[in-house]
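Structure at a glance
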Amino acid sequence: NTAEDMRNELVRIKLIGNVKQEAIVMHEKTDFSPYLIAQQLIKKNHKLDIDIEDIQRLWDRKQSGIKKAVIIDASVNPNPSNHSELLRENSQPEYKDYTGTKPIRLCVLGIWHQVNSWRDVKRITYNALLSNLINAKISKWYGVSQDKGIYSNPISLDQEFYTEGCLKTHNVIKHCMKALVVSGLKPDNDWTVQAIDQKKDGKATD
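Residues numbered from 1 in each chain as written. Predicted model: local features only at pLDDT ≥ 70, side-chain atom pairs only at ≥ 80, totals over all residues. Heavy atoms only, no water.

With that settled, the discussion passes to the pairing of strand β2 (residues 111–114). Alignment of strand β1 (residues 101–108) against β2, held across 4 bridges, turns out to be antiparallel. Looking across to β2, one finds that Val108 is bridged to Ile111. Where β1 hands over to β2, the hairpin turn is made up of 2 residues, of which Leu109 adopts a positive phi near 55 degrees. (Pairing = 2+ DSSP bridges. Helix = DSSP H or I, 4+ residues; strand = E, 2+ residues; numbered from the N terminus.)

Written out as structure tokens, the structure is:
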């Protein structure tokens with residue numbers, strides 16, 4: 001059974017790799033998660049139904065050096081001239097890489113919050129900016145919706161809204177930066193996170 005399981009997993013990795021690029025491009029044109037799109041493409045093209053959880057788990061398995069932000073990076077679009085709005089959406093200032101850290105405190109609009117995870121960071125940031133995000137003209141991958149089914153791992157927000165929670169640290173930061181920018185705020189002035197560097201004996205960083 002172990003050998004068979006390994007073969008089945010290799011098949012799933014190959015199928016995901018085959019549709020990944022198309023799923024990313026379609027994600028940039030729509031409001032749907034790339035994982036959901038990949039699932040539908042595999043079902044349509046190969047008559048195989050792979051769980052969303054497996055697609056998320058195996059998404060980066062084939063190419064270990066894949067860019068962390070690839071699923072929300074407009075640069076993967078083979079014809080970016082047709083999507084200038086998406087390119088503008090993704091053109092954000094550089095920000096610190098918090099990979100390998102655990103957040104402990106977050107300040108949004110001058111109010112400090114205790115946090116235990118990067119999921120908390122996005123939830124609190126998005127709740128603070130919710131009135132702006134509800135009407136923001138950005139894809140639901142960055143934004144909010146009352147349809148939790150469009151997200152692979154939804155975060156519950158106020159007013160029965162949801163946002164995507166299946167994100168690596170790098171992308172949580174990117175989503176928060178986008179939320180601040182579309183709300184007319186300046187990330188450097190209106191948002192601060194303090195985190196423990198888990199690779200350096202718990203040294204705090206911000």
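Our next topic: the nonpolar core. Ranked by size, the top nonpolar core spans 46 residues in total, and within it Trp59, Leu106, Trp118, Val121 and Trp191 carry the most contacts. Looking at this core, the elements with two or more residues in it are α1 (2–29), α2 (34–46), α3 (52–58), β1, α5 (118–128), α6 (130–133), α7 (169–182) and β5 (191–197). Aside from chain neighbours lying at most four places away, what touches Trp118 is Tyr98, Thr101, Lys102, Pro103, Thr169, Val172, Ile173, Val193 and Ala195. (Core = buried A, V, L, I, M, F, W, Y, C linked by side-chain atoms within 4.5 Å. Buried < 20%, exposed > 50% of the residue type's maximum accessible area, 1.4 Å probe, protein only. Contact = heavy atoms within 4.5 Å.)

Glancing now at the packing of aromatic side chains. Aromatic rings considered in pairs are described by the distance between their centres and by the relative angle of their planes. Tallying each qualifying case throughout the model produces 3 aromatic pairs. Each ring, one from Tyr35 and one from Trp59, has its centre 5.0 Å from the other, and the planes form 85 degrees; the classification is edge-to-face. Here Trp59 lies in the loop between α3 and α4 (84–90) and Tyr35 lies in helix α2, a separation of 24 residues in the sequence. For the residue pair Tyr35 and Trp59, the accessibility class agrees, reading buried in each case. Seen from their ring centres, Tyr98 and Trp118 are 5.4 Å apart, and the 55 degrees between their planes marks the pair as tilted. Of this pair, Tyr98 sits in the loop between α4 and β1 while Trp118 sits in helix α5, and the two are 20 residues apart along the sequence. The pair Tyr98 / Trp118 is uniform in exposure class, with both members buried. Over the face of the ring belonging to Trp112 we find Arg105, whose NZ or CZ atom lies 4.0 Å from the ring centre. One residue, Lys122, lies across the ring of Tyr126, its end atom 4.7 Å from the ring centre. (Phe/Tyr/Trp six-rings, centres within 6.5 Å; stacked < 30°, edge-to-face > 60°. Lys NZ or Arg CZ within 6 Å of the ring centre and 35° of its normal.)

Turning to the packing of α5 against α7, a few remarks are in order. Relative orientation of the contacting elements α5 and α7 amounts to 10 degrees, with a least axis distance of 10 Å. The orientation of α5 with respect to α7, classified from their angle, is roughly parallel. Taken together, the residues of α7 that come into contact with α5 (itself represented by Trp118, Val121, Lys122, Thr125 and Tyr126) are Thr169, Val172, Ile173, His175, Cys176 and Ala179. (Axes fitted to C-alpha atoms, helices over the stretch in contact; angles between N-to-C directions. Parallel < 35°, antiparallel > 145°, perpendicular 65-115°, else oblique.)

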